[in-house]
Amino acid sequence: MRWIVDPLDGTVNYLYGLSDWAVSIAAEVAGQVVAGAVCVPLHRALFTATAGGGAWLRSGWRAGVQRLACTTGVALSDALVGTGFGYEAGRRAAQGQIVAAVVPRVRDIRRAGAAAVDLCSLAAGRLDAFYERGLHEWDVAAGGLIAREAGARVAGLHGRPASESMTIAAGPGLFAQLHDLLAGLDPERG
């Protein structure tokens, strides 16, 4: 068993007093993430999932638990899409070009600043899709499992797994549409 921990996903948000930051913990067995939890303290939200056991949200700490399901049947033109940007200026410039090409093709873009929170928002139906280049395994392990258990597909480009090169997440039909759009934009550059 291996633990994959991000003690502070959304560090810049935390430093600036913004609410979208989280603690992300995943358990991996034989190379597969089998359990994950993302706690977003200022939202009083705990997202959890186990492989094959669904994805869940406990909000308000004492409130009941809600089963999560990503949105389905959303066309790319109607999709609210989350993304993020790297720290290095050259990479951000390339990512800015990509997002400029994506914006006219979707409902709108959101940039919250914490990938684990974005993936949980996708799982809860608060975002329809998400993509980002430059994520590490600790950014995606728990949130990715939560999104998958809520019905989303989480992968990279051209059938590759989600990785630092590219992570895309959305419901199955929307995933293909976003994947094809991004693939034509060479998003792994920079």
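Everything below is about the structure printed above this text.
Residues numbered from 1 in each chain as written. Predicted model: local features only at pLDDT ≥ 70, side-chain atom pairs only at ≥ 80, totals over all residues. Heavy atoms only, no water.

**Concerning the sheet that holds strand E8 (residues 108-110)**
By way of backbone hydrogen bonds, the strands of a sheet pair with one another, either parallel or antiparallel. With mixed pairing, the 5 strands of this open sheet are ordered in space as E8-E7-E9-E11-E10. Each of the sheet's edge strands pairs with one partner strand only, and the pair in question is E8 and strand E10 (153-155). Strand-to-strand twist of the sheet, defined as the mean angle between neighbouring strand axes without regard to direction, takes the value 15°. (Pairing = 2+ DSSP bridges. Helix = DSSP H or I, 4+ residues; strand = E, 2+ residues; numbered from the N terminus. Axes fitted to C-alpha atoms, helices over the stretch in contact; angles between N-to-C directions.)

**A closer look at the packing of aromatic side chains**
Taken as a whole and judged by the stated rule, the model has 1 aromatic pair. When the ring of Tyr14 is compared with that of Trp21, the centres are 4.9 Å apart and the planes differ by 85°; the resulting orientation is edge-to-face. With a relative accessible area of 43%, Tyr14 lands in the partly exposed category. (Phe/Tyr/Trp six-rings, centres within 6.5 Å; stacked < 30°, edge-to-face > 60°. Buried < 20%, exposed > 50% of the residue type's maximum accessible area, 1.4 Å probe, protein only.)

**Considerations on the sheet that holds strand E2 (residues 22-29)**
Strand order in the open sheet made by the 6 strands is E1-E2-E3-E4-E5-E6, with antiparallel pairing throughout. Taken across any chain shown, the strands that pair with only one partner, and hence form the sheet edges, are strand E1 (2-9) and strand E6 (65-67). Each neighbouring strand pair of the sheet contributes to a mean axis angle of 15°, computed without reference to strand direction. On the sheet, helix H4 (residues 137-149) packs against E1, E2, strand E3 (32-40), strand E4 (45-50) and strand E5 (54-59) and is oriented at approximately 95° with respect to E3. (Contact = heavy atoms within 4.5 Å.)

**A word on the environment of Leu68**
Tracing the chain through its elements places Leu68 in the loop between E6 and strand E7 (80-83). When the C-alpha atoms of Leu68 and Gly53 are compared, they prove to be 11 Å apart, with 15 residues separating the residues in sequence. Look past the residues within four positions of Leu68 in its chain and what remains in contact with it is Phe47, Ala55, Trp56, Leu57, Ala123, Ala124, Ile146 and Ala150.

**Brief notes about the pattern of salt bridges**
The tally for this structure, following the rule as stated, stands at 4 salt bridges. Glu137 is the salt-bridge partner of Arg2, the closest N and O atoms lying 2.7 Å from each other. Of this pair, Arg2 sits in strand E1 while Glu137 is found in helix H4, placing the two residues 135 residues apart along the sequence. According to the relative accessible area criterion, Arg2 is partly exposed, its value standing at 35%. Two residues, Asp108 and Arg110, come together in a salt bridge whose shortest N-O distance is 3.1 Å. Given the relative accessible area of 42%, Arg110 is considered partly exposed. Connected through shared salt-bridge partners, Arg2, Glu28 and Glu137 make up one network. (Salt bridge = Lys/Arg side-chain N within 4 Å of Asp/Glu carboxyl O.)

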